[in-house]
Amino acid sequence: MAEQLESGNEGIVKRRQAILAGLLVLLGSTSLWAASTSLAAEGKPCLRIVIAGSASPRVAAAAGTLADYLGRIAGAPFEVVRGDGREGIAVGLDSDFKSLKLESQLDAPIPARNEQYLLRSHAAGVWVVGATELAVEHAVWDLLHRLGYRQFFPGAHWEIVPNTPDLRLAVDANERPDYYSRKIWYGFHDWSDMMPAKRAWDARNRMGGSIDLQSGHAYAGIISANQSEFDRHPEYLCSAKSSKLRISNPGLRKLVVDDALDYFDKNPDRDFISMEPSDGGGWECPGEEQVFSNISDRVVTLANAVAEALQQRYTNKYVGIYAYFQHSPPPTLRVHSNVVVSVATAFIQGPYTVEQLLSGWRRQGAVLGVRDYFSITVKHKDLPGRAKAGDPGAIRDSIRRYHELGARFMSAESGNGWGPLGLGHYVAARLLWNTGENFDAIVDDFFQKAFGPAEAPMRVFYRLIDRSSKPLLSQHLVGSLYRQLEAARRLTRDPGIRSRLDDLTLYTRYVELLRTIKDEGAEAVSEPSPDDVLALLKDDNGSILKEPVYKADGTERVLSFAYRIRGTHMVHSLALWRDTRGFGFRSPVSIESWSVPEGKNPWKSSKPFTPEEVESFIREGIAANPVAGFTPVSFSEDLVPAASRLRLKSRIAGYQGPMCWRFAYYVWLEEPGTLRIAVSGGQFKGRGDPFAKMSLYAEDDPTELVAATAQAPLDKASHTVELTSAFKGLHRLEVTDGGWGFEIAWPPGARVSILSSYESQTSLRGVGAGSKSRGWTLYFYVPRGTPVVGGFGEMKGKVRDGDGRMAYEFSATNKAGYFSIPVPPGQDGKLWSFEESRGRRLLMTVPPYLAQTAEDLLLPKEVVEADEARVKQ
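From a predicted model like this one, the values you see are computed outputs, not experimental measurements.

Undergrad: Which residues make up empty space enclosed by the protein, and what values do they have?
TA: Counting across every chain of the model gives six cavities of 30 Å³ or more. One number sums up the size of the second largest cavity: a volume of about 50 Å³. Lining the second largest cavity we find Gln656, Trp746, Val752, Ser753, Ile754, Leu778, Leu850, Ala851, Gln852 and Asp856. For the lining of the second largest cavity, the element with the most residues is strand E27 (residues 751–755), which contributes three residues.

Undergrad: Now, about the packing of helix H17 (residues 475–490) against helix H22 (residues 611–624): what can you tell me, with residues and values included?
TA: Between H17 and H22, whose axes approach to 8 Å, the crossing angle comes to 135 degrees. For the element pair H17 / H22, the angle class is oblique. Between H17 and H22 lies a crossing of left-handed hand. Of H22, the residues touching H17 (which contributes Gln475, Tyr482, Arg483, Leu485, Glu486 and Arg489) are Glu615, Phe617, Ile618, Gly621, Ile622 and Ala624.

Undergrad: I'd like a rundown of the packing of helix H11 (residues 354–363) against helix H13 (residues 392–404), residues and numbers included.
TA: In contact at an axis separation of 10 Å, H11 and H13 are set at 20 degrees when each is read in the N-to-C sense. If you check the angle between H11 and H13, you find them roughly parallel. The two elements H11 and H13 cross, and the hand of that crossing is right-handed. Between H11, through Val354, Glu355, Leu358 and Arg362, and H13, the contact on the second element is made entirely by Arg401, Tyr402 and Glu404.

Undergrad: Describe in detail unusual backbone geometry, supporting the description with residues and values.
TA: The peptide bond linking Ile110 to Pro111 adopts the cis configuration, its omega dihedral lying at 10 degrees. Among the secondary structure elements, Pro111 is positioned in the loop between strand E5 (88–93) and strand E6 (117–122). A positive phi angle is found at Lys101, which is not glycine, with a value near 55 degrees. Mapping Lys101 onto the fold places it in the loop between E5 and E6. Despite not being glycine, Asn316 shows a phi value in the positive range, around 60 degrees. Considering the arrangement of structural elements, one finds Asn316 in the loop between helix H10 (295–313) and strand E15 (318–325). Its relative accessible area of 40% is what places Asn316 among the partly exposed residues.

Undergrad: Residues and numbers for H17, please.
TA: Given a rise of 1.5 Å per residue, 16 residues ought to cover 22 Å, and the 23 Å separating the end C-alpha atoms of H17 matches this to within 8%. Inspection of H17 places Leu477, Val478, Gly479, Ser480, Leu481, Tyr482, Gln484, Leu485, Ala487, Ala488 and Arg489 among the buried residues, and these make up the whole buried set.

Undergrad: Go over the sheet that holds E15, please, and point to the residues and values.
TA: A sheet is described by the order of its strands in space; here seven strands give the open sequence E13-E12-E18-E17-E16-E15-E14, paired in mixed fashion. Two strands in the sheet have a free side with no partner beyond their single neighbour: strand E13 (208–209) and strand E14 (272–274). As paired elements, strand E12 (residues 181–186) and strand E18 (residues 407–414) share six bridges and run parallel to each other. When the bridges of E18 are listed, Lys183 appears paired with Ser411.

Undergrad: For the sheet that holds strand E4 (residues 80–82), give the residues involved together with the corresponding values.
TA: The strand order across the open sheet formed by six strands is E4-E3-E5-E7-E6-E11, and the pairing between neighbours is mixed. Single-partner strands in this sheet number two, and they are E4 and strand E11 (172–175). Strand-to-strand, the axes of this sheet are offset by a mean angle of 20 degrees, without reference to chain direction. Bridging between strand E3 (residues 49–51) and E5 involves two bridges; their strand directions are parallel.

Undergrad: Please provide a residue-by-residue account of the side chain of Lys244, values included.
TA: Its location among the elements puts Lys244 in the loop between helix H7 (227–232) and helix H8 (250–266). Within the buried core, Lys244 has no salt-bridge partner, and the shortest N-O distance to an opposite charge, that of Asp279, equals 6.9 Å.

Undergrad: Please set out the environment of Gly393 residue by residue, giving values where relevant.
TA: Residue placement: Gly393 occurs in helix H13. Between the C-alpha atoms of Gly393 and Ser468, which are 75 residues apart in sequence, the distance is 8.3 Å.

The rules behind each value
- Residues numbered from 1 in each chain as written.
- Predicted model: local features only at pLDDT ≥ 70, side-chain atom pairs only at ≥ 80, totals over all residues.
- Heavy atoms only, no water.
- 1 Å grid on protein atoms, 1.4 Å probe; cavity = no way out; pocket = protein on both sides within 12 Å on 5 of 7 lines; lining within 4 Å.
- Points joined across faces, edges and corners; volume = space filled by probe spheres on them.
- Helix = DSSP H or I, 4+ residues; strand = E, 2+ residues; numbered from the N terminus.
- Axes fitted to C-alpha atoms, helices over the stretch in contact; angles between N-to-C directions.
- Parallel < 35°, antiparallel > 145°, perpendicular 65-115°, else oblique.
- Left-handed = near helix turned anticlockwise from the far one by under 90°.
- Contact = heavy atoms within 4.5 Å.
- Buried < 20%, exposed > 50% of the residue type's maximum accessible area, 1.4 Å probe, protein only.
- Expected span 1.5 Å × (residues − 1).
- Pairing = 2+ DSSP bridges.
- Lys, Arg positive; Asp, Glu negative; His and termini not counted.
- Salt bridge = Lys/Arg side-chain N within 4 Å of Asp/Glu carboxyl O.

Now the structure itself:
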């Protein structure tokens, strides 16, 4: 298969030449190579749709679909007749129309040829001809796309059928996909009545592919299917309770190979079998480490054995695995050419980027795919800006980059949350087929066709929820979204556009409801402990609940609403129901409550919202969600010491507390030398190796390479770490710890500040609980002439002005939102402080740098120079 995939790149130049023809059609111009053909004039058809006498039912159905939609577009009935394809709109296989002699033009290697098709207009009609039935279906939907048809998101509201009584087409395109398998699939699946719309979206956007790549976790299934053999041979497993296989055992390998051969004997139409290990760890297997260099070698050895046996018995049968978790690092062994390795973009181990993993596996001969994570609903909850698919630009960059590195298969976990994810999903569908398609044109086309005269405010709406904008869950965000929807509604009365605006209004209402859960006092967590979930699933006696317990609280409001709007596809309601961890969800508290049907479940109703109710959400949402009352100010990252130059003094020493996951400090070194710090930690529960890993970068280093690295065990003891730099001045110290928690004791005289900007999203924890709880206290500077201290904050805490007086108090009920504090006369040009605080304080009108003392504080050079001049006056 590797050779086939490599040779699939041949002919790309020819294919790219055809792109210009398609672009000219979209622009309404005449192709340089194809005749401009009239399909309909003044609402009357000019051509009939032609299928061969031998056309299969599937091809005939595709022709019927084309006739239906051409009729809807032109307002004219299109007839389907039998013929040889010389005249009319010929729809079928190349073998259906032998007299056209098109076989030599559908010449891409397998698997690309399985989806290859021609679209060519000529004096007597149009050829819509594919190498396979699937390719013919792709050709039909591509032709309709070139005529203005769109299915942006699933569902009737997001289907665009243009009204074009005079219908002309000039096209000469030879199409085949850049990715041979293109899947966006729903984690936690979806309600059964929602899936037909997703399958229709897939078909209309040429998703799926001719190859059914299988690489899901398989070891447990192998054990279950052969339980009697595993009972007789416990040595086949690493341990009695393990689902990891002892791959060095030849009997185990023979059993797995025989099981795979039997699978294909019984399922000859299948392409792939998965040899992906069971999820999680458990690779401890006495003796295996003497046989294999690493865990990846174990996985590859078994996959290779199966692939070799399949190659000897069949043609075109393949094995799929992931490069994931403990077997994500590249192996030392060559990978069989019939093994497809899908590199995971998350949950990987070792000092590797995704790009390095793709390159490393490719060097060992692997045919490459990507196992991406567009969204994980349990973590992201379909909130704005949380998931990768919420950033179409990131989707564009990754799809193109992975393809450049050799990836030809894409399997992306996501969710039925098309409110925040839909544009990213649509961009992915276009670029997975053709990585070279113009991204800006795709996005412009979406806004113009989906929203027409309401395009401008809806561009702002989508910019507000784009992950690259780092939206914060706040009244300001919700209020801003409602205001853009109101502006859009004023610009159009088109029922189709209004239906799409209604869907996005219901999505915004969902965001508003979810925000209120936090405001009711529950702290949001993105990845809650499984122990916390199990506690909720037990009754007072400690037994697992079998019947749902329904409580009228914020969870009820969110889950009921999500279920009721499931037909909009704006939020992935089934995933929300099936896993209620995080963001303060508390009930229902049984494992299977999501499956209790409507009529018996008091939280489920399919009653649609009326237009009046939708309008009331906008009206009341604007009133209830004021927007921030300040204009953000930008500052440079060119930092310098500030205390002596601005005559700053701090009242008391502040306190930062421990940090976790990933954190950055700005450090000033007066001279090149060694920075000695004491690192202690391990206060929290984490994942991976319990070490704090440090990288020191010098801002004056033109190479931008790391100046020094170090690590310290997080065992609740203090460890001295040395980091040496050949540069003086500003440095950046980045620390990662896998969530275990660390605290740094800085040497006397060290000048250290923390970036706490809107872009950084820095969150400080404080430490302890109950009577021992201690929040953090840090200083910031208010430049001269500043009228208001504005930013974003959450959880409790205080703000004191330059004289130590209380200036603002954050709510103890954990309400998150924007704050705006007027600066009284004489309080500018001074140090202010956040005291006894927790969570985020993102400064947006003053320099976003925090420090424990005035002497520590580093500030933007332009601020220091401007205010220093005033100090000297």
